[in-house]
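# Structural overview
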Amino acid sequence: MNYTSTRDTGVSLEAAQAVKQGLSRDGGLLTPVEFPKLSQNDLNAMLPMSYQQRATFVMGLYLPDYSAKELLGFAEKAYGPARFDTSAVAPVKTLDAATHCLELWHGPTSAFKDLALQMLPQLLSAALKKTGETRTACILAATSGDTGKAAMEGFADVEQTKILVFYPKDGVSAVQEAQMLTQRGGNVNVCSVVGNFDDAQSGVKRIFSDEALRDELDKRSYFLSSANSINWGRILPQVVYYISAYCDLVRDEKLKLGDKVNFCVPTGNFGDILAGYYARKMGLPVGKLICASNKNDVLTEFLTTGTYDRNRTFYSTMSPSMDILISSNLERLIFDLTGGDGAQVKKYMDALAMSGSYRVDDGVFGKIKELFWAGSCGEEATAAAIARHYKEYDYLIDTHTAVAADVLEQYRAATKDETPAVFVSTASPFKFCDSVLKAIGQTPAGEGIELIDQLQYATGRPAPWRLAALREKERRFDLCRKKEEMPEVVRTFLD
Ligand SMILES: *Cc1c(COP(=O)(O)O)cnc(C)c1O
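Parameters and conventions
Counting from 1, residues in each chain are numbered in the order their sequence is written. Per-residue local features of the predicted model are confined to residues with pLDDT of at least 70, and side-chain atom pairs are confined, for both listing and counting, to 80 or more; whole-chain, interface and lining totals are unaffected and use all residues. By convention in this description, side-chain values take in all heavy atoms of the structure and omit both hydrogens and water. Stacked, edge-to-face and tilted are the three classes for Phe, Tyr and Trp ring pairs, Trp counted by its six-membered ring, which pair at centre distances within 6.5 Å; planes under 30 degrees apart are stacked, over 60 edge-to-face, the rest tilted. Helix and strand assignments follow DSSP, with helices taken as H or I runs no shorter than four residues and strands as E runs no shorter than two, numbered in order from the N terminus. Burial here depends on accessible area, computed with a 1.4 Å probe over protein chains only, as a share of the maximum for the residue type. Under 20% is buried, over 50% is exposed, and the range in between is partly exposed. Residues are treated as being in contact if the distance between any of their heavy atoms lies within 4.5 Å. Nearness is defined per residue: one heavy atom within 4 Å of the molecule or strand is enough. Two N or O atoms form a polar contact when they lie within 3.5 Å of each other; inside protein one atom must be a possible hydrogen donor and the other a possible acceptor, and for residues adjacent in sequence the pair counts only when both atoms belong to side chains. Classification used: nonpolar for Ala, Val, Leu, Ile, Met, Phe, Trp, Tyr, Cys and Pro, charged for Asp, Glu, Lys and Arg, polar for all others including Gly. For two strands to pair, DSSP has to find at least two bridges joining them. Throughout, an axis means a line fitted to C-alpha atoms (over the contacting stretch in the case of helices), and angles, computed between N-to-C directions, take values from 0 to 180 degrees. Counted as salt bridges are all cases of a side-chain nitrogen of Lys or Arg within 4 Å of a carboxyl oxygen of Asp or Glu. For this quantity, the arc is that covered by the directions from the helix axis to the C-beta atoms. Cysteine sulfur atoms are paired as a disulfide whenever they come within 2.5 Å of each other.

### Some thoughts on the packing of aromatic side chains
Applying the stated criterion across every chain yields a total of 17 aromatic pairs. Considering the side-chain rings of Tyr3 and Trp232, the 5.9 Å spacing of their centres and the 55 degrees angle between planes classify their relative orientation as tilted. Residue Tyr3 is found in strand β1 (residues 2-5), and its partner Trp232 is found in helix α11 (residues 232-251); the two are separated by 229 residues along the sequence. As far as the burial class goes, Tyr3 and Trp232 line up, both buried. On the numbers, 5.4 Å between centres and 25 degrees between planes, the contact of Tyr348 with Tyr358 is stacked. One end of the pair, Tyr348, is in helix α15 (residues 342-355); the other, Tyr358, is in strand β13 (residues 357-359), with ten residues separating them in the sequence.

### As for the environment of Pro320
Inspection of the secondary structure assignment puts Pro320 in the loop between β12 (307-309) and α14 (330-337). Taking the relative accessible area as the measure of exposure, Pro320 reaches 8% and is therefore buried. Every residue in contact with Pro320, bar those within four places of it in the chain, is listed here: Ser144, Gly171, Gln176, His400 and Phe432.

### Looking at the site of the ligand
What surrounds the ligand is a group of 15 residues, the closest being Lys113, Asp146, Gly268, Asn269 and Thr426. Within the side chain of Lys113, a nitrogen or oxygen atom sits 2.6 Å from an oxygen atom of the ligand. Here Asp272 contributes a backbone N or O atom positioned 2.9 Å from an oxygen atom of the ligand. A breakdown of the residues in the shell around the ligand according to their chemical character gives five nonpolar, seven polar and three charged.

### Observations regarding the sheet that holds strand β10 (residues 261-266)
Sheet architecture is open: six strands sit in the order β4-β5-β15-β10-β11-β14, paired in mixed fashion. Since the sheet does not close on itself, it has two edges, and those belong to β4 (92-96) and β14 (372-376), each with one partner. Here the average twist between neighbouring strands, direction ignored, is 25 degrees. Relative to strand β15 (residues 421-425), strand β5 (residues 99-103) runs parallel, the two being bridged by five bridges. Residue pairing for β15: Leu102 is matched across the bridge by Val424.

### Some words on the pattern of salt bridges
Throughout the structure, instances matching the rule amount to 25 salt bridges. Notably, a salt bridge pairs Asp248 with Arg251, separated by 3.3 Å at the nearest N-O pair. With Asp248 and Arg251 both in helix α11 and three residues apart, this pair spans about one turn of that helix. A salt bridge links Asp336 to Lys281, with the shortest nitrogen-to-oxygen separation between them at 3.1 Å. Residue Asp336 is found in helix α14, and its partner Lys281 is found in helix α12 (residues 271-281); the two are separated by 55 residues along the sequence. With relative accessibility at 29%, the residue Lys281 sits in the partly exposed group. Counted as one network, the salt bridges with shared partners bring together Glu216, Arg220, Glu488, Arg491 and Asp495.

### Observations regarding the pairing of strand β9 (residues 222-226)
Across the five residues that make up β9, a large majority, five, are buried. Judged by which residues are buried, β9 turns out to be covered on both faces: Tyr222, Leu224 and Ser226 on one side and Phe223 and Ser225 on the other are all buried.

### A few points about helix α16 (residues 362-371)
Among all positions in α16, only Val364, Phe365, Ile368 and Leu371 are buried. Here the buried residues of α16 occupy an arc of 130 degrees about the axis, which is enough to place them on one side. Away from its buried face, by an angle of more than 90 degrees, α16 presents the exposed residues Asp362 and Glu370. Measuring from the side-chain oxygen of the N-cap residue of α16 to the backbone nitrogen of Gly363 gives 3.0 Å; that N-cap residue is Asp361.

### Considering the environment of Pro32
Relative to the assigned elements, Pro32 resides in strand β3 (residues 30-32). With relative accessibility at 3%, the residue Pro32 sits in the buried group. Separated by 28 residues in sequence, Pro32 and Thr4 place their C-alpha atoms 6.3 Å apart.

### Here's the deal with helix α8 (residues 174-181)
Taken across its eight residues, α8 has seven buried, putting it largely inside the fold. The complete set of buried residues in α8 reads Val175, Gln176, Glu177, Ala178, Gln179, Met180 and Leu181. Check the buried side of α8 and you find it contacts α7 (146-155), β7 (161-168), β8 (188-193), α20 (451-459) and α21 (465-468).

### Observations regarding unusual backbone geometry
In this model, Gln160 sits at a positive phi of 60 degrees, which is unusual for a non-glycine residue. Phi is positive for Glu253, which is not a glycine, with a value near 60 degrees.

### A closer look at the state of the cysteines
Linking two cysteines covalently via their sulfur atoms produces the bond known as a disulfide. What the rule picks out here adds up to zero disulfides. Free of any disulfide, Cys138 has its nearest cysteine sulfur in Cys191, 13 Å distant. For Cys138, a relative accessible area of 0% puts it in the buried group.

### Regarding the sheet that holds β1
Taken together, the three strands give an open sheet; going across it, the order is β2-β1-β3, and neighbouring strands pair in antiparallel fashion. Of all strands in the sheet, those with a lone pairing partner are β2 (8-14) and β3, marking the two edges. Each strand axis lies, on average, 40 degrees off the axis of its neighbour in the sheet, ignoring direction. As paired elements, β1 and β3 share three bridges and run antiparallel to each other.

Here it is as structure tokens:
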């Protein structure tokens, strides 16, 4: 199995090299040249398996240069009881006969990013050995809140790596900030940036394309790599939970093997829903993929009109991990839907960089309409969805999950499609206490991590223990810089 660039199909890399490198040199995303197929027999064989075994099975199809024994070891460590608070790892909760919720927040940082970021450091570490790399990997990540913490937790004290995270000063929740500033590990650092997420992300992209800085780091025996979802090592572990959710539903007799199911995914960078698309491409019986956006509805517009246009107002919402105007992983979808036409993708991406917009041709747009449905959910509707689920199902969901729940209802009202559906729950409500308290009719008394207790008392539900323990933890970092100063932060960190 080889990997190629979405912008130049002349590129051909082995899996370990693709994971190590993160991004293709031409700026494209590294993507498998073929997608293995899952037969009904394969799915049947996976029914009795643990999550760890399912992960080993699925990931092994894409990583021939990693042995099954090696992958099982990674999966047991990544998803074991020391890190996940349920042996199911990614449990499916049933709300009614046709509606299920896939809970992806049982890991150490209480967001779905853990499913990938507990695995990626192990894939990368092994890739360093497999490729004979002697330099240290310096992982840079821009975060809208959840990636940064999950990446630091995954890479903390991993040999031959250092990790530096940038986040927008006023763009993350109080709990998310406290999680990052109290991170353990001798090889981690975090810096807030004056500005919004796109400022932090474009700062990181500039560092990656700064040849002089790269040369300087190379002389000091470092190379840069990425923990953002442009890395294939992040997308692949996410393919697993779509397949696993389907297997659970069949195992628990809520579906018959072969029945279709729709997935509704709260989307920002298009990584999560892309993994669902790949699962479908492998043969998982998926009907529609429903893309849920918050008030930043650039993807809703794209998937319903075929035109991507980032020239619009950026809104800070109560679902900050979806406050994104440039969805990097869309590039992989378009590559696939053009039949692997790297030159065409490059044209679209050049147009995006130059003018902020592009329009896909009718062939691609036709396929998009067949596969996807898209909707967006404003702030009031987000709060209403939290309140409704709490009242009707006694089920507490976070702001991102609420966007998906609302858009699923929009989809059903618009299409009358009665196919069973799973909406994806991407974070614990205890990461967004302020918004969740208000949504269920409580007045937040206090601020920041103090509200964790209030939400526990108000709902009678326990917070994930690591969040409840934040109060006692010492804050280790307090760096804040302008985006122009980001390269200097990297230099100082590596001194
Ligand atoms: C990152 C994130 C998302 C968006 O996922 P993408 O892969 O960027 O589309 C949604 N919800 C939460 C809680 C997140 O952390």
